[in-house]
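Architecture and fold: a report
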Amino acid sequence: MKLIIASNNNGKVREYRDILTPLGFEVLSQSEAGIRLDVEETGTTFEANAYLKAKAIHDIARCCVLSDDSGLEVEALGGEPGIFSARYKGLATEHERRLAVLEGLRGQADRRARFVCCVCFLEERGEKHLFTGIWNGTVAEREEGVNGFGYDPIFVAEDADGHTTASLPIPFKETHSHRAKAVRMLTDWLGSG
Ligand code: IMP
């Protein structure tokens, strides 16, 4: 069955293709499906934004669609950067956005945070299924490590022995992360159908 990944990010498309092809899907990127679209993320939750992206593609293609939306929620910052993780405070680089989080937590004892990933799967007839994975942890005092992307250098997952996600071996993140959990929920559901 045809499945379009609602993303223009080639890395993301490749990862989903590797996971979903063995389950019987013919996985296509947006561009492979001939769809040129950059959906504005106007929702107020990860779930709403993931659905917006998937629905826009489904309205055009009327086949199965998968999208995701993710970010870092910091308790003492009232849940920020949250859905604004990729554009926090309008800062241009990931490094600047990480520094903004560290600055916001300066002198703060409560450094609890969590990564959230919501995967939205739309069936051919448009029926919606949402899977949300959460990775609890804390924000480090400073950047550490070179692996990963985004907030990985300042996030210390509760199951990571005090190391930032960016200083862990890559396979650890691939099996323990918020994204891994959401995708596992999706594949469990697909496998049970
Ligand atoms: P999107 O889900 O592709 O829109 O990504 C949202 C933003 O959240 C990214 O640009 C990162 O800043 C942040 N983010 C999401 N997942 C991760 C992760 O696994 N590590 C680090 N940052 C992440």
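Let us look at the structure shown here.

Our focus in this paragraph is the state of the cysteines. One way to say it: the disulfide is the covalent bond shared by the sulfur atoms of two cysteines. Applying the stated rule across the entire model yields zero disulfides. With no disulfide partner, cysteine 63 has as its closest neighbouring cysteine sulfur the one in cysteine 64, 6.5 Å distant. The exposure class assigned to cysteine 63 is buried, which follows from its relative accessible area of 5%. We note that cysteine 117 lacks a disulfide partner, and the nearest cysteine sulfur, in cysteine 118, lies 7.1 Å from it.

Let's shift gears to the site of the ligand. Around the ligand there are 14 residues in total, and Ser70, Asp152, Lys173, His178 and Arg179 lie nearest to it. Tyrosine 151 has a polar backbone atom sitting 3.1 Å from a nitrogen atom of the ligand. Histidine 178 has a polar side-chain atom sitting 3.2 Å from a nitrogen atom of the ligand. Broken down by secondary-structure element, the contributors of at least two residues to the shell around the ligand are strand S3 (64–74) and helix H5 (178–192). Counting residues per element, the shell around the ligand draws most heavily on S3, which supplies three residues. Residues that form the shell around the ligand fall into these classes: four nonpolar, five polar and five charged.

Our focus in this paragraph is the sheet that holds strand S5 (residues 128–139). Spatially, S2-S1-S3-S4-S5-S6 is the arrangement adopted by the six strands of the open sheet, whose pairing is mixed. The open sheet has two edge strands with one neighbour each: strand S2 (26–29) and strand S6 (155–157). Averaged over all pairs of adjacent strands, the angle between their axes in this sheet comes to 35°, without regard to strand direction. One ladder, built from four bridges, connects strand S1 (residues 2–5) with S2; its direction is parallel. Bridging from a neighbouring strand, lysine 2 pairs with glutamate 26 of S2. Strand contacts of helix H1 (residues 10–20): S1, S2, S3 and strand S4 (112–122), with the helix running at about 175° to S2, the strand carrying the most contacts. Here helix H2 (residues 46–61) sits on the sheet and contacts S1, S3, S4 and S5; the angle it forms with S3, its principal contact strand, is near 160°.

In this region the chain leaves S1, passes through H1 and returns to the parallel neighbour S2; the handedness of that crossover is right-handed. In this structure, S1 lies alongside S3, joined through three bridges in parallel fashion. Opposite isoleucine 5, over in S3, you have leucine 66 as the bridge partner.

What follows deals with the packing of aromatic side chains. Following the criterion strictly, the structure yields five aromatic pairs and no others. Ring centres of tryptophan 135 and phenylalanine 155 lie 5.8 Å apart, and the angle between their planes is 50°; on these two criteria the pair is classed as tilted. Separated by 20 residues along the polypeptide, tryptophan 135 in strand S5 and phenylalanine 155 in strand S6 bring together distant segments of the chain. For phenylalanine 155, a relative accessible area of 0% puts it in the buried group. Chaining the aromatic ring pairs together yields one cluster made of Phe25, Phe121, Phe131 and Trp189. A cation over an aromatic ring shows up here: lysine 128 above the ring of tyrosine 51, its NZ or CZ 4.5 Å from the ring centre.

Conventions adopted
In this convention, every chain numbers its residues from 1, walking through the sequence in written order. In keeping with the model being predicted, local features are shown solely for residues with a pLDDT of at least 70 and side-chain atom pairs are shown and tallied solely at 80 or more, while totals for entire chains, interfaces and linings include all residues. Just so you know, side-chain values use all the structure's heavy atoms and leave hydrogens and water out. We call a pair of cysteine sulfur atoms a disulfide when they lie within 2.5 Å. The classification of residues rests on relative accessible area computed with a 1.4 Å probe and restricted to protein chains. Under 20% of the type maximum is buried, over 50% is exposed, and intermediate values are partly exposed. Any residue with at least one heavy atom within 4 Å of a molecule or strand is counted as near it. Pairing of N or O atoms within 3.5 Å defines a polar contact, subject to two protein rules: one partner must be a possible hydrogen donor and the other a possible acceptor, and residues neighboring in sequence count only if both atoms are side-chain atoms. Think of it this way: any DSSP run of H or I at least four residues long counts as a helix, any run of E at least two long counts as a strand, and we number them from the N terminus. Residues are grouped as follows: Ala, Val, Leu, Ile, Met, Phe, Trp, Tyr, Cys and Pro are nonpolar; Asp, Glu, Lys and Arg are charged; all remaining types, including Gly, are polar. For two strands to pair, DSSP has to find at least two bridges joining them. Angles shown run from 0 to 180 degrees and are taken between the N-to-C directions of axes, each axis being a line fitted to C-alpha atoms and, for helices, limited to the stretch in contact. The contact criterion used is simple: two residues touch if any of their non-hydrogen atoms lie within 4.5 Å. Orient the strands so they point away from the viewer, and a crossover whose first-strand-to-second-strand path over the helix runs clockwise is right-handed. In summary, the pairing rule links any two rings of Phe, Tyr or Trp, Trp by its six-membered ring, whose centres are within 6.5 Å, and it sorts them by plane angle into stacked for under 30 degrees, edge-to-face for over 60 and tilted for everything else. Two conditions define a charge located above a ring, namely a distance within 6 Å from the ring centre to NZ of Lys or CZ of Arg, and an angle within 35 degrees of the ring normal.

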